[in-house]
Amino acid sequence: MQPRNLMEELVKLRVDELMDYASVCKCPQCRSDVIALALNRLPPRYVTCIQGDVFTRFEAQTFQERAEVVSAILRAAETVRQNPRHG
């Protein structure tokens with residue numbers, strides 16, 4: 001199994017819903033910018049095996065982890081809303 005960042009998956013699962021909530025453009029450029037900015041604010045959660053995947057997903061379900069993901073996405077969305085890069 002190749003190493004992968006589960007935090008990226010968690011962000012991608014929530015980004016569309018939270019961009020709607022924040023009234024941010026959802027074009028591919030803005031969406032990518034929000035994801036990148038949010039991930040830069042969050043600690044990576046790399047896994048290389050099924051056991052690590054299960055443990056990390058379980059750990060990510062804590063209230064604190066979910067709140068950090070939501071906060072990072074909303075902060076990133078606000079930055080992109082104020083400074084969109086789409087033409």
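As a starting point, this report considers the structure included with it. All figures in this text were calculated on a predicted structure; none of them were measured in a lab. (Residues numbered from 1 in each chain as written. Predicted model: local features only at pLDDT ≥ 70, side-chain atom pairs only at ≥ 80, totals over all residues. Heavy atoms only, no water.)

1. Concerning the overall build of the chain
Check the secondary structure of the chain and you find four helices and two strands. Along the chain direction, N to C, the helices and strands of the chain fall in the order β-α-α-β-α-α. Taken over 87 residues, the chain has a buried fraction of 32%. Taking all contacts inside the chain whose residues are at least 6 apart in sequence as the whole, residues at least 24 apart take part in 79%. (Helix = DSSP H or I, 4+ residues; strand = E, 2+ residues; numbered from the N terminus. Buried < 20%, exposed > 50% of the residue type's maximum accessible area, 1.4 Å probe, protein only. Contact = heavy atoms within 4.5 Å.)

2. Focus: the environment of Arg-45
With respect to the helices and strands, Arg-45 occurs in the loop between α2 (28–41) and β2 (46–47). The partly exposed category is assigned to Arg-45, whose relative accessible area is 21%. Between the C-alpha atom of Arg-45 and that of Arg-4, which follows or precedes it by 41 residues, the distance is 8.0 Å.

3. Focus: the packing of helix α1 (residues 6–21) against α2
α2 packs onto α1 with a crossing angle of 130 degrees between their chain directions and a minimal axis gap of 10 Å. The orientation of α1 relative to α2 falls into the category oblique. Pair α1 / α2 crosses with right-handed handedness. On α2, the residues that touch Met-7, Glu-8, Val-11, Lys-12, Val-15, Asp-16 and Met-19 of α1 are Cys-30, Arg-31, Val-34, Ile-35, Ala-38 and Leu-39. For the contact of α1 with α2, a count of residues per class yields nine nonpolar, no polar and four charged. (Axes fitted to C-alpha atoms, helices over the stretch in contact; angles between N-to-C directions. Parallel < 35°, antiparallel > 145°, perpendicular 65-115°, else oblique. Left-handed = near helix turned anticlockwise from the far one by under 90°. Nonpolar A, V, L, I, M, F, W, Y, C, P; charged D, E, K, R; others polar.)

4. Observations concerning the pattern of salt bridges
Overall, the coordinates contain eight salt bridges when judged by the stated rule. For Arg-4, the salt bridge goes to Glu-9, with nearest N and O atoms at 2.8 Å. The class of Arg-4 is partly exposed, set by a relative accessible area of 26%. Between Glu-78 and Arg-81 there is a salt bridge; the shortest N-O distance is 2.6 Å. Here the residue Glu-78 and the residue Arg-81 both occupy positions in helix α4 (residues 63–82), the gap between them amounting to three residues, near one helical turn. (Salt bridge = Lys/Arg side-chain N within 4 Å of Asp/Glu carboxyl O.)

5. Details of the nonpolar core
Of all hydrophobic cores here, the largest spans 19 residues; its most connected members are Val-11, Val-34 and Ile-73. Sorting the residues of this core by element identifies α1, α2 and α4 as the ones contributing at least two each. Setting aside chain neighbours within four positions, we find Val-11 in contact with Ile-35, Ala-38, Leu-39, Leu-42, Val-69 and Ile-73. (Core = buried A, V, L, I, M, F, W, Y, C linked by side-chain atoms within 4.5 Å.)

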